[in-house]
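What follows is each chain in one-letter form.
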Amino acid sequence: MTSSTNIHTHYRACNLCEAICGLEITLNANQEILSIKGDEKDPFSRGHICPKAVGLKDIYLDKNRLKQPVRKTHNGWETISWEEAFTEVSSKIKDFQKQYGKDVIGVYQGNPSVHNSGTLLSAPGFLRVLGTRNRFSATSADQLPHHFAAWQMFGHPLLLPIPDIDRTDFMLIIGANPLASNGSLMTVPDVANRLKAIQKRGGKFVVIDPRKTETAKIADQHLFIKPATDVYLLLSLVHEITSQIETSEQIQQLKSIAQFYSPETVSKITGIAVEQIKSLAKDLLNAKTAVVYGRMGVSVQAFGGVCQWLINCINILTNNLDSVGGAMFPQPAFDLLGRAKKGENIFNRWQSAVRKLPEFDGELPVSAMAEDILAGGIKMLLTVCGNPVLSTSNGTQLDKALASLEYMVAVDIYINETTQHANIILPPTTGLEVAHYDVVFHNLAIRNTAKYSEPLFEKDKNQRHDWEIFEELKNRISIEEGTEIPKPKNPEAKLALAMKFGPYGKAGLTLQQLKDNPHGEDLGALKPCLKEVILTESQDINLLPDLILQDLTRVKTHAEKLLITEKNTDFDLQLIGRRHLRSNNSWMHNSERLVKGRNRCTLLIHPETANKQGVANQEIVQIESRVGKVEITVEITDEIMPDVVSIPHGFGHARAGVQLDIATAHAGVSLNDLTDELLIDELTGNAAFSGVPVRILR
Ligand SMILES: Nc1nc2c(c(=O)[nH]1)N[C@H]1C(S)=C(S)[C@@H](COP(=O)(O)OP(=O)(O)OC[C@H]3O[C@@H](n4cnc5c(=O)[nH]c(N)nc54)[C@H](O)[C@@H]3O)O[C@H]1N2
Ligand SMILES: Nc1nc2c(c(=O)[nH]1)N[C@H]1C(S)=C(S)[C@@H](COP(=O)(O)OP(=O)(O)OC[C@H]3O[C@@H](n4cnc5c(=O)[nH]c(N)nc54)[C@H](O)[C@@H]3O)O[C@H]1N2
Ligand code: SF4
Ligand SMILES: [Mo]
């Protein structure tokens, strides 16, 4: 912290999204925030921020935010002491375990778990002691297919290839909207300028998306694609590329897999013209360097796993994997893979109770959580940083399932759509009150950097840090009765050790150095390193993994169906989601400055489709899927494909019991009251949100 007169400045990283922008926060002598701006001296974000950064101040001051545990009573919520809360929660855990066994307690971990270093470093220890196989997280409503393909091909779920956006000559972006999301599985602050820089140095980038997004608008080219048909576009690109390169035996096999998917055939399925598919393949082959990057849109669909595999394949076929300007592997200062084992099986070691969906890396697909609660296998649930009622398929069903639980605990800062079902909520400090080192996202970054942030505000004496909560619970459920409960250990020690023994430790990088330089350290551009980091048994890329090859039959059968059948007339529209720069999944709608302005929770529909359906702009319509129905205002726009409609996810705050004053005044409806828990990627178990069949009711 630096000071001049009474005004002083604090530098830190924003932990709200994956971009980890550097912030410059000025405060007066009373510790009131005067401004939050981009930190020009941050070597990575270079002064960039987005409007959500100022939301950190709103979260800090939010009257609805919890600071002490609350317990649900017949007369509403009552504030209780931490001692009371810990005693009740730990004895409930022990009672349930004793009576029914460890698996009877379910756990759901949401997105901010990976944006809080305290939670990230302390929750795993608690979960190990809890020992349940009924673990779920937002991963299977998001990026599980990426992890699956990475594990199969490179030997570890976290060996995710990241686009070398600063040096590439051609970037193909499929199903991602970094101008709204600020990048995902690609930590890339200031993404708009980095994309424009590709163009300035004579390269280009192309966007494939059923909606003409903010990113598509600044691209050299945007192609509409029918939802959930990307697997065929990718196969067609493999078809074209393998016909133009020298083929080894393995590549020959890929070529024969792709044989059926000529641009002519695939054009009929995807709606992308034959010439355009061919020219994309040419661009990928001819550019000096090129990279294919596919995110949410190609992950949350019926063939998400195969899509992510194909994206890696194309980067390999065009000689762009692990090479400058292509898809590369970061080498973070906190090396998450330092102790990873080679060739470990982490798939399908157990299954969900009702549908027998496969476990991956210790977690079951979240689409199975509600049915497994309703079937009675999970009687107690713990949610951590999650709002699955709004964020997982068929939220209405989960809402009912949560109401049927015998006991629920939430580690969360709000009483929202999910946590209102809890018996006890344990609220940790957050945002400006905590120390932060981005353990996960430096691992996914387009440049190697490291940055540590001190807390800006001291916590009240009645508040607890996340790590204090998890350590306390771990200690209480694992010690013998009658022994003294050890004090929670600050995970900062782990951080210091990780720096020391990480890849830059030898060169002298220490936690203290990061503390002394709150702008962050630049550790250089990504370097080819796959040989050193690969974790497959053979030490080679597994280009043709059996599990993925087996799924190609399903891909083919579905293609044949799409090529012959008429449209499903019962549900004649396909639903997709969207993100807005001023939203953050479901939980930042309680900031007035972020929600004000025109209603964002609208149904986007193409003029021709609106005409066919007989709906007018701004009309309120009912829209229905197999699982539910919502009422929503129509917004007619030619920025979406005909026969596709879009609703943003994360809204729907009008549910009874929610205590979010501002959010409920801008409630909107929940996209996930329409998405269907039965629609999944059968390979990985990931939720398939893209292309849900829906119809407008009149
Ligand atoms: N249809 C559809 N569904 C989607 C998506 C989509 O695109 N379409 N996106 C999916 C994706 S990518 C994701 S990641 C998931 C997100 O799904 P979730 O992680 O379940 O949902 P969030 O809205 O991120 O909820 C975050 C929760 O954490 C709490 N919280 C915030 N900060 C803290 C903190 O510091 N500590 C603690 N303990 N709690 C905190 C908030 O109050 C909130 O309850 O949603 C998925 N769902
Ligand atoms: N402002 C803001 N930033 C965020 C978040 C947020 O909620 N708000 N959430 C954060 C999280 S948790 C994540 S995971 C990331 C996600 O980051 P992104 O993946 O960049 O985010 P989305 O905006 O969901 O982009 C998905 C795109 O896929 C398109 N799409 C939908 N279906 C299909 C399809 O079938 N095929 C193709 N090709 N495209 C399709 C959608 O139209 C959309 O433009 O964003 C993070 N950043
Ligand atoms: S882009 Fe993400 S990290 Fe950067 S200021 Fe916005 S929310 Fe924070
Ligand atoms: Mo996500």
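Parameters and conventions
- Each chain has its residues counted from 1, following the order in which its sequence is written.
- Here the convention is simple: chains get letters from A, ligands get numbers from 1, in the order in which they are written.
- For this predicted model, a pLDDT threshold of at least 70 governs which residues receive local features, and a threshold of 80 or more governs which side-chain atom pairs are given and counted, while totals over whole chains, interfaces and linings are taken from all residues.
- Neither water nor hydrogens contribute to the side-chain values; these are computed over all heavy atoms in the structure.
- Here a residue counts as near a molecule or strand whenever at least one of its heavy atoms sits within 4 Å of it.
- Polar contacts, as counted here, are pairs of nitrogen or oxygen atoms within 3.5 Å of one another; within protein the pair requires one atom able to donate a hydrogen and one able to accept it, and residues that are adjacent in sequence qualify only if both atoms are side-chain atoms.
- Computed with the Shrake-Rupley method and a 1.4 Å probe, the accessible areas treat only the protein chains shown as cover for residues.
- Helix and strand labels come from DSSP, where a helix needs a run of H or I of at least four residues and a strand needs a run of E of at least two; each type is numbered from the N terminus.
- Burial classification: accessible surface area is computed with a 1.4 Å probe over protein chains only, and a residue below 20% of its type maximum counts as buried, one above 50% as exposed, and the rest as partly exposed.
- Any two residues having at least one pair of non-hydrogen atoms within 4.5 Å are treated as being in contact.
- Lines fitted to C-alpha atoms define the axes, with helix axes restricted to the stretch in contact, and inter-axis angles between N-to-C directions lie between 0 and 180 degrees.
- Any angle from 65 to 115 degrees is called roughly perpendicular, while one under 35 is roughly parallel, one over 145 is roughly antiparallel, and all others are oblique.
- The crossing is said to be left-handed when, going from far helix to near helix, the turn is anticlockwise and less than a right angle, and right-handed when the turn is clockwise.
- Each residue receives one of three labels: charged for Asp, Glu, Lys and Arg, nonpolar for Ala, Val, Leu, Ile, Met, Phe, Trp, Tyr, Cys and Pro, and polar for the others, Gly being one of them.
- Given the number of residues in a helix, its expected span is that number minus one, multiplied by 1.5 Å.
- What counts as a domain boundary in this text is fixed by an automatic or database domain assignment.
- DSSP-based pairing: two strands are paired if at least 2 bridges between them are found.
- By definition, no residue in a patch forms a salt bridge, and every one has over 30% relative accessible area; like charges are joined within 9 Å, nonpolar side chains (Val, Leu, Ile, Met, Phe, Trp, Tyr) within 5 Å.
- Criterion for a salt bridge: a side-chain nitrogen of Lys or Arg within 4 Å of a carboxyl oxygen of Asp or Glu.
- By buried area we mean how much accessible surface two parts lose on assembly, using a 1.4 Å probe and totalling the loss over both.
- Aromatic contacts are taken between Phe, Tyr and Trp rings whose centres are within 6.5 Å, Trp giving its six-membered ring; a plane angle under 30 degrees counts as stacked, one over 60 as edge-to-face, and the others as tilted.
- Put simply, a charge is over a ring when the Lys NZ or the Arg CZ is close to the ring centre, within 6 Å, and near the line of the ring normal, within 35 degrees.

A. Layout of the site of ligand 2. Contacts to ligand 2 come from 31 residues, most closely from Asp209, Ala228, Asp230, Ser583 and Asn585. His580 is positioned such that a nitrogen or oxygen atom in its backbone is 2.8 Å from a nitrogen atom of ligand 2. Contact between ligand 2 and Ser690: a nitrogen atom at 2.9 Å from a side-chain N or O atom of the residue. Burial of ligand 2 by the protein chains amounts to 97% of its free accessible area of 920 Å².

B. Main features of the environment of Thr187. Note that Thr187 resides in the loop between α5 (178-181) and α6 (191-200). The class for Thr187 is buried, based on a relative accessible area of 0%. For the pair Thr187 and Gly338, spaced 151 residues apart in sequence, the C-alpha separation works out to 20 Å. Other than its neighbours up to four places away in sequence, Thr187 contacts Glu18, Ala19, Ile20, Phe44, Phe441, Leu444, Ala445 and Ile446. Within the local environment of Thr187, its side chain forms a polar contact with the backbone oxygen of Glu18, the two atoms lying 2.8 Å apart.

C. Seen up close, the packing of helix α10 (residues 263-270) against helix α11 (residues 274-286). With their axes 8 Å apart at the nearest point, α10 and α11 run at an angle of 115 degrees to one another. By the angle between their directions, the pair α10 and α11 is classed as roughly perpendicular. As for the relative orientation of α10 and α11, their crossing is right-handed in sense. Residues Pro263, Glu264, Val266 and Ser267 of α10 pack against Val274, Ile277 and Lys278 of α11. Taken together, the residues of the contact of α10 with α11 sort by class into four nonpolar, one polar and two charged.

D. Spotlight on helix α8 (residues 230-242). With 13 residues, α8 extends 18 Å between its outermost C-alpha atoms, agreeing within 8% with the 18 Å of an ideal straight helix rising 1.5 Å per residue. Most of α8 sits out of view: 13 of its 13 residues are buried.

E. Structural view of the site of ligand 1. By nearness alone, 30 residues border ligand 1, and Asn111, Ser391, Asp412, Thr430 and Ser586 come closest of all. Between Tyr108 and ligand 1, the recorded distance is 2.7 Å, taken from a side-chain N or O atom to an oxygen atom. Summarising the interface, the protein chains cover 97% of the accessible area of ligand 1, which totals 920 Å² for the free molecule. A domain split of the shell around ligand 1 shows at least three residues from each of domain 1 (70-142 + 343-426) and domain 3 (566-697).

F. The pairing of strand β18 (residues 407-411), seen in detail. Here β18 lies mainly inside the structure; five of its five residues are buried. Examined bridge by bridge, strand β17 (residues 380-384) and β18 share five bridges and lie parallel to one another. Of the residues in β18, the one forming a bridge with Thr383 is Ala410. By the bridge criterion, three bridges tie β18 to strand β19 (residues 424-426) in an arrangement that is parallel. The residue of β19 that forms the bridge with Val411 is Leu426.

G. View of the side chain of His156. Among the structural elements, His156 can be located in the loop between α4 (144-154) and β9 (162-163). At a separation of 2.9 Å, a polar atom in the side chain of His156 contacts the main-chain amide nitrogen of Leu158. Those residues in contact with His156, other than ones at most four positions away along the chain, are Ala150, Trp151, Leu337, Ala340 and Leu535.

H. Just a nonpolar patch on the surface, in detail. A contiguous nonpolar patch, built from Phe260, Leu563 and Ile564 and spanning about 280 Å² of accessible area, is present on the exposed surface. Structurally, Ile564 can be placed in helix α21 (residues 546-564).

I. Expanded view of the environment of Asp638. Mapped onto the secondary structure, Asp638 falls in the loop between β27 (629-636) and β28 (644-646). Separated by 172 residues in the primary sequence, Asp638 and Asp466 place their C-alpha atoms 46 Å from one another. Discounting chain neighbours no more than four positions away, the residues touching Asp638 are Phe224, His606 and Pro607.

J. Main features of the domain arrangement of the protein chain. What the domain assignment lists for the protein chain is domain 1 (70-142 + 343-426), domain 2 (145-333 + 530-549) and domain 3 (566-697). The C-alpha centroid of domain 3 is placed 27 Å from the C-alpha centroid of domain 2. Domain 2 puts 27 residues into the contact, and the matching count from domain 3 is 23 residues. Carbon and sulfur atoms make up 65% of the area that domain 2 and domain 3 hide from each other, which totals about 1,900 Å². Counting the contacts that link domain 2 with domain 3 gives one salt bridge. The shortest N-O distance in the salt bridge between Glu639 and Lys217 comes to 3.0 Å.

K. Expanded view of the sheet that holds strand β5 (residues 70-73). If you trace the seven strands from one edge of the open sheet to the other, you get β6-β5-β19-β18-β17-β7-β8, paired in mixed fashion. Unpaired on one side and paired on the other, β6 (76-79) and β8 (135-137) mark the two borders of the sheet. The sheet shows a mean angle of 20 degrees between the axes of neighbouring strands, direction not considered. Sheet topology note: the β5/β19 ladder contains two bridges and is antiparallel. When the sheet's bridge partners are listed, Arg71 is paired in β19 with Ile424. Here helix α3 (residues 117-130) sits on the sheet in contact with β7 (105-109), β8 and β17, set at roughly 165 degrees to β7.

L. Representation of the packing of aromatic side chains in the model. As enumerated under the stated definition, the model contains 15 aromatic pairs in all. Ring centres of Trp82 and Phe86 lie 5.5 Å apart, and the angle between their planes is 35 degrees; this geometry places the pair in the tilted category. Highlighted residues: Trp82 and Phe86, both in helix α2 (residues 82-100), separated by four residues, approximately one helical turn. The class for Phe86 is buried, based on a relative accessible area of 3%. These aromatic residues form a ring-pair network of at least three members: Phe148, Trp151, Phe347 and Phe360. Note that Lys556 overlies the ring of Phe260, its terminal NZ or CZ placed 4.7 Å from the centroid.

M. Representation of the pairing of strand β25 (residues 602-605). The side-chain alternation of β25 yields two buried faces, one formed by Thr602 and Leu604 and the other by Leu603 and Ile605. Two strands pair when backbone bridges link them, and β25 and β27 are joined in this way by four bridges, in the parallel orientation. Its bridge partner lying in β27, Leu603 is registered against Val634. Across two bridges, the pairing between β25 and β28 is antiparallel. Its bridge partner being in β28, Ile605 is matched across the sheet by Val645.

N. Highlighting the environment of Pro124. Its place among the elements puts Pro124 in helix α3. Classification of Pro124 by relative accessible area gives partly exposed; the value is 34%. Residues Pro124 and Val440, spaced 316 residues apart in sequence, show a C-alpha to C-alpha distance of 14 Å.

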